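# Structural description and commentary
In case you want the letters, here they are:
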Amino acid sequence: MTNQNKMDRIPFFLLFIIFFGVHTFSQAQTGCAGSDALLTICNKDQDPSLQNFDLFDALNDTPLTGGIWSTSNPANFYAFDRTTGIVNLWKILNSGTHTFTYTNDACGESANVTINLGGYSGEDNIDGSANACSNEIEVNMHRFLGSEVADKIQDFNGLWEAVTPEAVNFLERNIFNAFGAGPGVYEFTYTVAAVATCPSEQSTVILEVHPSPNPGTGLSLAVCVTDDLSAYRNLNLNSYLAAEDANGTWSESGTGQLTDLSDNTINVEEIRDNFGYGIYNFNYTVYPTHPVCDEQFSTVAISILPTLSGSLESLNYCIGSPYTIDITYDSTLLPNGRYQMGYLVDPADGLVRAEDVIITLTNGVGSFDVNPSLVSTNVYNTVSISSITGFLPLRSVCTTIDVSETTFLVSNSQIQIAEACQDTTIPVQILNILDTTASLTNSPHTITYTLTAPDGGTTTETIENLAFSAGAATFEIAAEHAGQDGEHEVMVTIDNVLDVTCNLQTLFNVIATPDAITLTLQVDNSCNATEINVLVAAPILPDGIYNVTYDVIEQNTGTVVINNTIAFAGGTADYQVDVAPLEQGNYTISVRSIQNDTTPCRTIFEYEETENFAIKGIPDIPIGESNQTFCISEYDTNGPTLENLAFTASGDPLFYATETSTDILSISTPLAHNVAYFISTINNENNCEGTQRLRVLVSLTAPITPTTSNATPFFCGGDAATLASVDITFNETAIAWYDAPVNGNLLPATTLLEDGVSYYAASENSQGCRSSERLLLTPTVFTVTPLSLTSTEFDICGLDKPTISDLNNLAAFENYEIRWYDSLESTSAISETALLIPNTMYYAENYNEDTGCIAPNRTAITIDLSACNPEDYDFFIPDGFSPNGDASNDRYFIPNIEKIFPAFQLEIKNRYGRTLFMGNIQNPAWDGTIKGNSIAPNGVYFYIIHYNKEGFEPKQGRLYLNR
């Protein structure tokens, strides 16, 4: 853009102050807001100070500060400060007349400053810096005007005109359609009209429209992931473009098919093999010849469509249940998602029917239910997939479908049960059962039925080889399973028939048995009766009557002594029978009812109740001793019971705790010491009980069980302890020993105790009665086994200073503490820290520290302390010594030889072969004399060592004597 002064622009600042109107104000009001002012300002762009124009200074008269400025033009609202009245005229971007109002609330007056503001059309742009791209439909021409001076912007209310004729039809106000005009150079003018005395202004823009890159139109290729794609191994992407510029390059992301910018050939088969199904985009990009234009690209989409490949599976179904089809498919060829799938149903007896479903396919599996209206019953229906498309998300799927069809059958098998009566046999009819060939079966089958009662209880029964004909059969539910009234459910399974996925079941109702008549006999005293009431309560019969008969029969003779019959329609009745005049004896009274109604599900029409009674039938008191004694140990663990009492009675005995108690005690009730029991008699012919009771006072004798302070006494095995050795306490005359807590065998007191064996002690009194409880004693007899050694000889190196504790390593088992002695009879154990003595025999004894028990025998071992390896102990032979009496190195000896080679011999010779010294373990060192007499002179001598130990040969050498 060129920033230059226009030749026809004359800088000036013209200020007109025009007073119009004559107003009269009071002294208090004069000058409070000032008076109106009119100004004309031209060439505002030439004066930077107009960015801070003071409206307050422009007011006439002497306005007072403190007022507020306002404007009615919203475009000017942010161009001035309402408090100070400072306005930035550079921010008013519309030439013309602008009014600002000053209001001073102190006097309630206002004054206006009106500015005729001249226009600014911006700077010419004719130096080639105005550029647009031919793909721009709306080019805002204002972007090419303005100034390089900050905040100096052209007015926006000017007029744009095209000078170049080819641009006229593509300019509308300030918007130019570069796309419609096409590439080229176009001239435009922008004119701001004159304002008051300010002349108009005009700027020129020369715009060059540069051609936009044309990448052409990209075509698409769609193939299936399972297709043979060998024909697309060298696909030229250029062949899938139309009307493109020739100077573009290809790019893509992810497949690695394009090696460089000049490559335009891809292998679709390889993309499929490496990446599977998907949409693979390849972009053709053309770059602009001018930076005003953006690079453009078109896309060639290679769609490798997922494919449905798999199989359908189904079961056979009962009519009314969902007809579910399971699909398994190759999940590597089709992504998870929801699909709209079309399927066909081809019944064996009808026309093919079709429907679409929405199905969710996940990880190779899915399922859908076939519309029941498309299916025929009792014949096979074949289902196949006809179409598929992605539903959520939307996606295309290969139209080639490789899914095997499935066939299923819908059976209308059923069971029928009519309403039944309670406690009666219930017939069940089975219909339309198909055999394994889908034909109505004519073969016997084993059935199992489960009956569910109203209370939730179930009964299961199996019927073998039930005969079927044309798919039908009948069986019965036993009356014992129909004991509840109300709604029942029955479920039936049948073997060796066509397999279906539903249950063969139905509901049926069981009618309750009608209420029956109730007959009650009330005898005032069954053992000495005087009056009997016969009570009748019966439902009203709508179509019948009851015939009620009662009679009394003498039991011994069978003679009927009283008889009566009444006709009864229902309700309640009470009849009294007077039996007081009857002779002494036993009698039976009976009441019977017979009815003749037709109420549904009534099965019983005759009812009877009987009752026995006596006249003067009370038995006598039992006879027996009033004091009876029992030894508790003579009975089982429950002790003596009422059954053990001794007495005689004319009838069956009854036992009571008191003279007046009515609670009968069980005959198995255990007897208690010093407790009285009461016995009466009942006549088993008339069930009458005597009025008097025999009192028996019971005494129980039971010696006190012996006690002990130690029920698990301890003995060492060598003590030969017996039962008599056990310490127990008792208050009776003797102790009886047993091998069981109850019964068992009596043991003599001389019985040897065994470890862990239980023994039982009972006290015995002078009458020979033993305590019922026995004292349990379980002794511990602890036996210490003699020490077992891995060897009877112990070879060790004496240089290690072995001690007694090292002998413990020879123990085969370390179950006990080991004590060592120097003889079989010694009572003083050797300390474990004592050094072993060569060629000494030691004796080991096992000792249990916890119990103090010792083994009966000691084990001997012989010690050898010469088991030393010379190399392990730095064994060496000195080569000299100085026997000069200074107490240092005065004797020649071989260190540790007596430990390593206890049988050694040391011989010292002079150079003439004469022996000067013979040494061994008793005399191991040479003092430098000749056989202990004269002193050997300084010089070289020779030694010969006989180790006398297997594996070591004699050794000779020389030594130097220097006094």
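A brief structural summary. (Residues numbered from 1 in each chain as written. Predicted model: local features only at pLDDT ≥ 70, side-chain atom pairs only at ≥ 80, totals over all residues. Heavy atoms only, no water.)

Of all the positions in helix H3 (residues 268-275), only Val268, Glu269, Ile271 and Arg272 are classed as buried. End-on view of H3: buried residues confined to an arc of 160°, all on one side of the axis. Those residues of H3 that are exposed and aimed more than 90 degrees away from the buried face are Asp273 and Asn274. Buried residues belonging to H3 abut strand S15 (220-224), strand S16 (235-236), strand S19 (265-266), strand S20 (278-286) and strand S21 (296-305). Near the N-terminus of H3, the side chain that reaches the backbone nitrogen of Glu269, with its oxygen 3.1 Å away, is that of Asn267. Following H3 by one or two positions, Gly276 adopts a phi angle in the positive range, close to 75°. (Buried < 20%, exposed > 50% of the residue type's maximum accessible area, 1.4 Å probe, protein only. Helix = DSSP H or I, 4+ residues; strand = E, 2+ residues; numbered from the N terminus. Arc of directions from axis to C-beta. Contact = heavy atoms within 4.5 Å. Polar contact = N/O pair within 3.5 Å; in protein donor to acceptor, adjacent residues only side chain to side chain.)

Turning our eyes to something else, we now look at the pattern of salt bridges. Pairing between side chains of opposite charge can happen when their charged atoms approach one another. Overall, the coordinates contain 10 salt bridges when judged by the stated rule. Among the ionic pairs, Arg143 bridges to Glu136, the shortest N-O distance being 3.4 Å. Judged by its relative accessible area of 19%, Glu136 falls in the buried class. Among the salt bridges present, the one from Arg858 reaches Glu845, with a minimum N-O distance of 3.2 Å. (Salt bridge = Lys/Arg side-chain N within 4 Å of Asp/Glu carboxyl O.)

Time to look at a nonpolar patch on the surface. On the surface, a nonpolar cluster with roughly 260 Å² of combined accessible area is contributed by Ile358, Phe391 and Leu392. The class for Ile358 is partly exposed, based on a relative accessible area of 36%. (Patch = residues over 30% accessible without salt bridge, like charges linked within 9 Å, V, L, I, M, F, W, Y side chains within 5 Å. Areas by Shrake-Rupley, 256 points an atom, 1.4 Å probe, with all protein chains shown as cover.)

With that out of the way, let us pick up the sheet that holds strand S34 (residues 426-431). Judged by pairing direction, the sheet is antiparallel, and its 3 strands sit side by side in the order S32-S34-S37 without closing on themselves. Each end of this open sheet is capped by a strand with a single partner; those strands are strand S32 (414-416) and strand S37 (473-477). Each neighbouring strand pair of the sheet contributes to a mean axis angle of 25°, computed without reference to strand direction. Pairing geometry for S32 and S34, over 3 bridges, is antiparallel. Each bridged residue has a counterpart across the sheet, and for Gln416 the counterpart in S34 is Gln429. (Pairing = 2+ DSSP bridges. Axes fitted to C-alpha atoms, helices over the stretch in contact; angles between N-to-C directions.)

Read from one edge to the other, the open sheet built from 5 strands follows the order S33-S39-S38-S35-S36, with strand pairing classed as mixed. Every interior strand has two partners, whereas the edge strands, strand S33 (420-421) and strand S36 (458-466), have only one. Pairing of strand S35 (residues 445-452) with S36, which is carried by 7 bridges, proceeds in the antiparallel orientation. Note that in S36 the partner of Tyr449 across the bridge is Glu461.

In this fold, Ser680 is placed in strand S49 (residues 675-683). For Ser680, a relative accessible area of 0% corresponds to the buried category. Of note is the side chain of Ser680, whose polar atom sits 2.5 Å from the side chain of Glu689. Setting aside anything within four residues of it in sequence, one finds Ser680 in contact with Pro622, Asp652, Pro653, Leu654, Tyr656, Glu689, Gly690, Gln692 and Arg693.

A few words on the pairing of strand S5 (residues 96-104). The side chains of a regular strand alternate, residue by residue, between the two faces of the sheet. Relative to S5, strand S3 (residues 68-71) runs antiparallel, the two being bridged by 4 bridges. In the sheet register, Thr71 faces S5, and the bridge partner there is Phe100. Here S5 pairs with strand S6 (residues 109-117) via 9 bridges, running antiparallel. Bridged to Gly96 within S6 is Leu117. What sits between S5 and S6 in their antiparallel hairpin is a turn of 4 residues, with Gly108 showing a positive phi close to 70°.

Summarising the element assignment, Leu305 is placed in strand S21. Accessibility expressed as a relative area gives 17% for Leu305, which makes it buried. The spacing of Leu305 and Thr751 is 446 residues in sequence and 99 Å in space, taken between C-alpha atoms. With residues up to four places along the chain from it excluded, the contact list for Leu305 reads Ala222, Val223, Cys224, Val225, Tyr277, Ser396, Val397 and Cys398.

Keep in mind these values describe shape, not function.
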